[in-house]
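Listed below, chain by chain, are the residues.
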Amino acid sequence: MPWRPHRDGSATWPLVLRDATSEPAIVLRPLRVQDESEWQRVRRDNAHHVQPWEPTLPPGAPARAPVSFRQFVRDLDAEARADRAMPWCIEVRGRIVGQVHLFGIVRAAQQSAAVGYWLDESMTGQGIATRAVALAVDHALGHGGLHRVELNIRLDNLPSLRVAERLGLRDEGIRRRFLHIDGQWRDHRSFAVTVEDLAGASLTARLSQV
């Protein structure tokens, strides 16, 4: 797959991606205002599970005013239409089970982004997070027009390190005190993939060969 120039994200959002190559089938779709009850329940039930990996504001950073869920959804859509992010929820059998985001999109000479995700603890161990990341990155490096996507993982986040390993992402080493997570500046290991790394294939195809 040759690299292609930037396609304006505002022209393609809202965007739904699907992967039914294995069970369970997964869908990546934008959050909707009517998802509030379900999303709040999943986040509440997984508060302890996701807290160690959640970004936090470092000391001295200006506090952000709380926003309603409606505004949260609008902000995500605005970021997507401005081609700064691609924010999806992960849906399995009609249920929201997490989120995966491409964020920090840079165009011009760089054509890159980062990917992050979280998953309902009850759904772990089924390869859902790995496939969701693969689906998002495949879109980014294909129709999304990007050249490179990176995944940054805390050194003690073993499940996410296994996701990077299963996807065959290139290990680019450790970034010291890279992100403020769960109240402290944390070291992260950076993984990346470029269009050339895939050589015309896809991360989803890689998974089917494992």
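On a predicted model such as this, the values are computed, not experimentally measured, just so you know.

Calculation rules
- Numbering of residues starts from 1 in each chain and follows the order in which that chain's sequence is written.
- With the structure being a predicted model, the display of local features is reserved for residues of pLDDT at least 70 and the display and counting of side-chain atom pairs for 80 or more, all residues being used for whole-chain, interface and lining totals.
- The basis for every side-chain value is the complete set of heavy atoms in the structure, and neither hydrogens nor water enter the calculation.
- To define a nonpolar core, start from buried Ala, Val, Leu, Ile, Met, Phe, Trp, Tyr and Cys residues and group those joined through side-chain atoms within 4.5 Å.
- Partly exposed describes any residue whose relative accessible area lies between the buried limit of under 20% and the exposed limit of over 50%, with all areas from a 1.4 Å probe on protein chains only and scaled to the type maximum.
- Every helix listed is a DSSP run of H or I at least four residues long, and every strand listed is a run of E at least two residues long, numbered separately from the N terminus.
- Contacts were defined at the residue level, with two residues in contact if any of their heavy atoms lie within 4.5 Å.
- Two aromatic rings from Phe, Tyr or Trp, using only the six-membered ring of Trp, form a pair when their centres are within 6.5 Å; if the ring planes differ by under 30 degrees the pair is stacked, by over 60 it is edge-to-face, and anything between is tilted.
- A positively charged side chain is recorded as over a ring if its NZ (Lys) or CZ (Arg) lies within 6 Å of the ring centre. The angle to the ring normal must also be within 35 degrees.
- As used in this structure description, the phrase polar contact means that two N or O atoms lie within 3.5 Å; if the pair is within protein, one of them must be able to donate a hydrogen and the other to accept it, and residues adjacent in sequence are counted only when both atoms belong to side chains.
- An expected span of 1.5 Å times one less than the residue number is assigned to each helix.
- For two strands to be treated as a pair, DSSP must find at least two bridges joining them.
- Throughout, an axis means a line fitted to C-alpha atoms (over the contacting stretch in the case of helices), and angles, computed between N-to-C directions, take values from 0 to 180 degrees.

K.L.:
Just checking my understanding: could you explain the nonpolar core for this structure?
P.N.:
What tends to happen in soluble globular proteins is that the nonpolar side chains get buried as a cluster. The biggest cluster of nonpolar side chains holds 42 residues, and the ones touching the most others in it are Leu 28, Trp 88 and Val 100. Looking at which element gives the most residues to this core, the answer is helix H4 (residues 128-141), with 10 residues. In contact with Val 100, not counting residues within four places along its chain, are Leu 28, Met 86, Pro 87, Trp 88, Ile 90, Val 115, Gly 116, Tyr 117, Ala 132, Val 133 and Ala 136.

K.L.:
Would you mind showing me how to read the packing of aromatic side chains here?
P.N.:
Aromatic ring pairs are reported here in terms of the distance separating the ring centres and the angle at which the planes meet. Tallied over the entire structure, the rule returns 4 aromatic pairs. Ring geometry for Trp 13 against Trp 88: centres 5.9 Å apart, planes inclined by 50°, an arrangement best described as tilted. With a gap of 75 residues between them, Trp 13 in the segment before strand S1 (17-19) and Trp 88 in strand S3 (residues 85-92) connect regions that are remote in the sequence. A residue is classified by how much of its surface remains accessible, and Trp 88, at 0% relative accessible area, is buried. Measuring from centroid to centroid gives 6.0 Å for Phe 69 and Phe 72, while their planes differ by 50°, and the two rings are tilted. Here Phe 72 and Phe 69 lie together in helix H3 (residues 69-81), a separation of 3 residues that amounts to about one turn. With relative accessibility at 5%, the residue Phe 69 sits in the buried group. Joined through ring pairs, the aromatic side chains of Trp 39, Phe 69 and Phe 72 make up one cluster. The residue whose ring lies beneath Arg 43 is Trp 118, and the NZ or CZ to ring-centre distance is 4.8 Å.

K.L.:
Just checking my understanding: could you explain the environment of Asp 19 for this structure?
P.N.:
The topology assignment puts Asp 19 in strand S1. For Asp 19, a relative accessible area of 5% puts it in the buried group. A distance of 2.6 Å separates a polar atom in the side chain of Asp 19 from a polar atom in the side chain of Thr 21.

K.L.:
I'm lost on H4 in this one. Help?
P.N.:
Three or four residues apart is the spacing at which side chains of an α-helix point the same way, because the helix has 3.6 residues per turn. With 14 residues, H4 extends 20 Å between its outermost C-alpha atoms, agreeing within 8% with the 20 Å of an ideal straight helix rising 1.5 Å per residue. By the criterion of burial, H4 is predominantly enclosed, with 14 of the 14 residues buried.

K.L.:
Teacher, can you tell me more about the sheet that holds S1 here?
P.N.:
Taking strand neighbours across the sheet as the criterion, the 8 strands line up as S1-S2-S3-S4-S5-S6-S8-S7 in an open arrangement whose pairing is mixed. Each edge of the open sheet is held by one strand with a lone partner, namely S1 and strand S7 (170-181). Adjacent strand axes in the sheet meet at a mean angle of 25° when their direction is disregarded. In this structure, strand S6 (residues 148-154) lies alongside strand S8 (residues 184-194), joined through 7 bridges in antiparallel fashion. When the sheet's bridge partners are listed, Ile 153 is paired in S8 with Arg 189. Sheet contacts for helix H1 (residues 36-45): strand S4 (95-106) and strand S5 (112-119); angle to S4, the most-contacted strand, approximately 90°. Here helix H5 (residues 158-167) sits on the sheet in contact with S5, S6 and S8, set at roughly 150° to S6.

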